[in-house]
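# Breakdown of the fold
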Amino acid sequence: MRNYQNIYQSAREGADLTQEAAAERLGWSVRALQDIEQESRDPSPEKVAQMAELYRAPWLRGYYCNRCPLGCVWHRPESNVELQQLALEVGLEAEDPEQEHRDTYELARIALDRKIDDDEFPRFQAILGRMMRRSYLTEMAWIASITQKESAQCGGNRD
C-alpha cells in the first residue's frame, strides 16, 4: 500500500475539491478519478490538461510530460544542476529567515476585517509576491526531485 499522496490527488486537494466535486466538474465518473489517484490507471494528456485547468495547477502538465515515454527519451539538463540553482535562489530568498513569519502575521492583520483597504494593498501585494516566489521555488525543487527520480526509472539515460 502507498504511504504517499498521488500528485493528482494532492493537486485536487490543493484546489479544495472532493473527488465527487472534481469528477462532476470534469465530467468524469468518480471511479475514473479514483483510478488515476490510486495509480491503477494512467491519465491521458487530455485528462491531465483538464485537471491542471480545474485545479489551477499548470505544473501537472509538465509533470505528466516528464513521465510519458517521450519524456523518458527527451534530453533535459541534469537535475542536480537545477537543484543547485534552486538552492542558491532559496538561499538568497531566505536572506531574512523571519520574513515568512512576519508575512504570515501581517497577512492575518490585513485579513482580520475581511477587506483590503487602500493603505493595506501595497503591503498585501508585497507579501503576496514573496509568498508566490517561495511557492514557485518550492514547486520547482519538487519537480526537479521528481525529474531526478524518474530519470532513474527511465534507465538513467535521457540522451
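Right above here is the structure, for reference.
Residues numbered from 1 in each chain as written. Predicted model: local features only at pLDDT ≥ 70, side-chain atom pairs only at ≥ 80, totals over all residues. Heavy atoms only, no water.

Let us look at the packing of aromatic side chains. Counted under the stated rule, the structure contains one aromatic pair. Ring geometry for Phe 121 and Phe 124: centres 6.3 Å apart, planes at 35°, overall tilted. Remark: Phe 124 and Phe 121 occur in helix H9 (residues 121-153); sequence separation between them is three residues, near one turn of the helix. Across from the ring centre of Trp 28, 4.2 Å away, lies the NZ or CZ of Lys 47, which sits over that ring. (Phe/Tyr/Trp six-rings, centres within 6.5 Å; stacked < 30°, edge-to-face > 60°. Helix = DSSP H or I, 4+ residues; strand = E, 2+ residues; numbered from the N terminus. Lys NZ or Arg CZ within 6 Å of the ring centre and 35° of its normal.)

Turning our eyes to something else, we now look at the pattern of salt bridges. Tallying each qualifying case throughout the model produces five salt bridges. We note a salt bridge from Glu 37 to Arg 12, for which the minimum N-O separation is 2.6 Å. On the criterion of sequence distance, the pair formed by Glu 37 in helix H3 (residues 30-37) and Arg 12 in helix H1 (residues 7-14) is long-range, its members being 25 residues apart. Just as Glu 37 is buried, Arg 12 falls in that class too. In this structure, Arg 123 engages Glu 106 in a salt bridge whose closest nitrogen and oxygen atoms are separated by 2.7 Å. Taken together, the residues span a long stretch of sequence, with Arg 123 in helix H9 and Glu 106 in helix H8 (residues 99-111) at a distance of 17 residues. Residue Arg 123 is classed as partly exposed on the basis of its relative accessible area, which comes to 37%. Relative accessible area serves as the criterion here: at 22%, Glu 106 is assigned to the partly exposed category. Through salt bridges with shared partners, one network takes in Arg 12, Glu 13 and Glu 37. (Salt bridge = Lys/Arg side-chain N within 4 Å of Asp/Glu carboxyl O. Buried < 20%, exposed > 50% of the residue type's maximum accessible area, 1.4 Å probe, protein only.)

So, on to the nonpolar core. With 20 residues, the main nonpolar core has Tyr 8, Trp 28, Leu 33, Met 51, Tyr 55 and Leu 60 as its most contacted residues. Looking at this core, the elements that each hand over two or more residues are H1, helix H2 (19-26), H3, helix H4 (45-54) and helix H5 (59-67). Considering each element in turn, this core owes the most residues, four residues, to H4. Once residues lying within four places of it in the same chain are set aside, the contact partners of Tyr 8 are Ile 36, Glu 37, Pro 43, Val 48, Met 51, Tyr 55, Leu 60, Tyr 63 and Tyr 64. (Core = buried A, V, L, I, M, F, W, Y, C linked by side-chain atoms within 4.5 Å. Contact = heavy atoms within 4.5 Å.)

Checked against the element boundaries, Leu 54 lands in helix H4. Residues Leu 54 and Arg 12, 42 residues apart in the sequence, show an inter-C-alpha distance of 8.4 Å.

Looking now at H1. Looking only at H1, the buried set comprises Ile 7, Tyr 8, Gln 9, Ala 11 and Arg 12. Where H1 begins, the side chain of Asn 6 points an oxygen toward the backbone nitrogen of Tyr 8, at a separation of 2.7 Å. One or two residues past the end of H1 sits Asp 16, with phi positive at roughly 60°. (Polar contact = N/O pair within 3.5 Å; in protein donor to acceptor, adjacent residues only side chain to side chain.)

Keep in mind these numbers describe shape, not what the thing actually does.
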